[in-house]
Amino acid sequence: TREKIRLLDVRYLAAGPGGSYYAELLTGECWWGISQQDKEFHQAMNDLDVCRVAFGVFPISHDKSGNVLTSTSWIIIGKDGRCVWKNLPSRLHNLLLCRTPDKASPCDISLGKEGSYFVRFLDGKTHYCLPAALAAECENLETRGGQVTYIAFNPESY
């Protein structure tokens, strides 16, 4: 039961806005939830042997006061390399949509605010869209011979 699970029992955990989550236990059992009704998310979770999940925030409109209304964005990467997603930033959506079968599949991904993201492919290549200050730090690291291998965003705060 969920009450008996300890932190050491968790193999992989992804958390997102509004209480969205995906957890894989050492036993292979998986739990997930998403902040709003989303049949596509639940269908993809049932159809794929999940490797990675990322959640983000996607602006959908403005209310009468001018406040941004958002929806949860998500991507699920299957162990077979297939990906299913919803409400991704257009740049990332197009990058994934246009990948040909001869290209390496994504293996790690993180979603941030305002269209920011990081994705790493099985061949080690990375692609990202970052806030200016973070992009400058990554460029500085890479010009000195370093390599950015992963960036973890918290889409609710930075």
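Because the structure is a prediction, the values reported are computed rather than measured. Each chain carries its own residue numbering, running from 1 in the direction its sequence is written. Under the rules for a predicted model, residues below a pLDDT of 70 receive no local features and side-chain atom pairs below 80 are neither given nor counted, while totals for whole chains, interfaces and linings still include all residues. The side-chain figures draw on all heavy atoms in the structure; neither hydrogens nor water molecules are used.

### Some details on helix H1 (residues 39-47)
Definition in use: Type-normalised accessible area, obtained with a 1.4 Å probe on protein chains alone, sets the label of each residue: buried when under 20%, exposed when over 50%, and partly exposed for intermediate values. Each helix corresponds to a stretch of at least 4 residues labelled H or I by DSSP, and each strand to a stretch of at least 2 residues labelled E; elements are numbered beginning at the N terminus. For this quantity, the arc is that covered by the directions from the helix axis to the C-beta atoms. Polar contacts, as counted here, are pairs of nitrogen or oxygen atoms within 3.5 Å of one another; within protein the pair requires one atom able to donate a hydrogen and one able to accept it, and residues that are adjacent in sequence qualify only if both atoms are side-chain atoms.
Taken together, the buried positions of H1 are Phe41, Ala44 and Met45. Looking down the long axis of H1, one finds its buried residues gathered within 100 degrees of arc, a one-sided arrangement. When the buried face of H1 is taken as reference, the exposed residues oriented beyond 90 degrees from it are Lys39 and Asn46. At the N-terminal boundary of H1, the capping side chain belongs to Asp38, with an oxygen 3.2 Å from the backbone nitrogen of Glu40.

### Focus on the packing of aromatic side chains
Short version of the rule: Stacked, tilted and edge-to-face pairs are distinguished by plane angle, under 30 degrees for stacked and over 60 for edge-to-face with tilted covering the rest, among Phe, Tyr and Trp rings (Trp via its six-membered ring) whose centres lie within 6.5 Å. When the NZ atom of lysine or the CZ atom of arginine is within 6 Å of a ring's centre and also within 35 degrees of its normal, the charge is said to sit over that ring.
Scanning all chains against the criterion turns up five aromatic pairs. Ring geometry for Phe41 versus Phe55: centroids 5.8 Å apart, planes at 45 degrees, classification tilted. Here Phe41, found in helix H1, pairs with Phe55, found in strand S4 (residues 50-62); they are 14 residues apart in sequence, far enough to count as distant. A relative accessible area of 3% places Phe55 in the buried class. With a centroid separation of 5.2 Å and an interplanar angle of 75 degrees, the aromatic rings of Phe41 and Trp74 are classed as edge-to-face. Of the two residues, Phe41 sits in helix H1 while Trp74 sits in strand S5 (residues 68-78), which places them 33 residues apart along the sequence. Of the two residues, Phe41 and Trp74, neither departs from the other in class, the shared state being buried. Cation over ring: Arg99 sits above Phe121, and NZ or CZ is 3.8 Å from the ring centre.

### Considerations on the sheet that holds strand S3 (residues 30-33)
Within a sheet, adjacent strands bond to each other through the backbone by hydrogen bonds, running parallel or antiparallel. We count it as follows: Strand pairing follows a simple DSSP-based rule, namely that at least 2 bridges must link the two strands. Lines are fitted to the C-alpha atoms to define the axes, a helix being fitted only along its stretch in contact, and any angle between axes, read from their N-to-C directions, falls within 0 to 180 degrees. Residues count as neighbours in contact if any of their non-hydrogen atoms are within 4.5 Å of one another.
Read across the open sheet, the three strands follow the order S1-S2-S3; overall the sheet is antiparallel. Among the strands making up the open sheet, the edge pair consists of strand S1 (10-15) and S3. Going across the sheet, the axis of each strand differs from the next one's by a mean of 5 degrees, ignoring polarity. Note: strand S2 (residues 21-25) against S3, four bridges, orientation antiparallel. Its bridge partner lying in S3, Glu24 is registered against Cys30. Packing of H1 onto the sheet brings it into contact with S2 and S3, and relative to S3 it is tilted by some 170 degrees.

### Digging into the state of the cysteines
To be explicit about the condition: Two cysteine sulfurs form what is called a disulfide whenever their separation falls within 2.5 Å.
Inspection of every chain in the model, using the stated rule, returns zero disulfides. In this model Cys30 remains outside any disulfide bridge; the closest cysteine sulfur is found in Cys51, 11 Å from its own. The exposure class of Cys30 is partly exposed, given its relative accessible area of 27%. Of all cysteine sulfurs in the structure, the one in Cys138 sits closest to Cys129, which takes part in no disulfide; the separation is 12 Å.

### What to know about the sheet that holds strand S8 (residues 117-121)
Reading across from one edge, S7-S8-S9 is the order of the three strands in this open sheet, with antiparallel pairing throughout. Each of the sheet's edge strands pairs with one partner strand only, and the pair in question is strand S7 (106-111) and strand S9 (126-129). Between one strand and the next, the sheet's axes are offset by a mean angle of 5 degrees, whatever the strand orientation. Relative to S9, S8 runs antiparallel, the two being bridged by four bridges. Considered in S9, the bridge of Val119 is made with His127.

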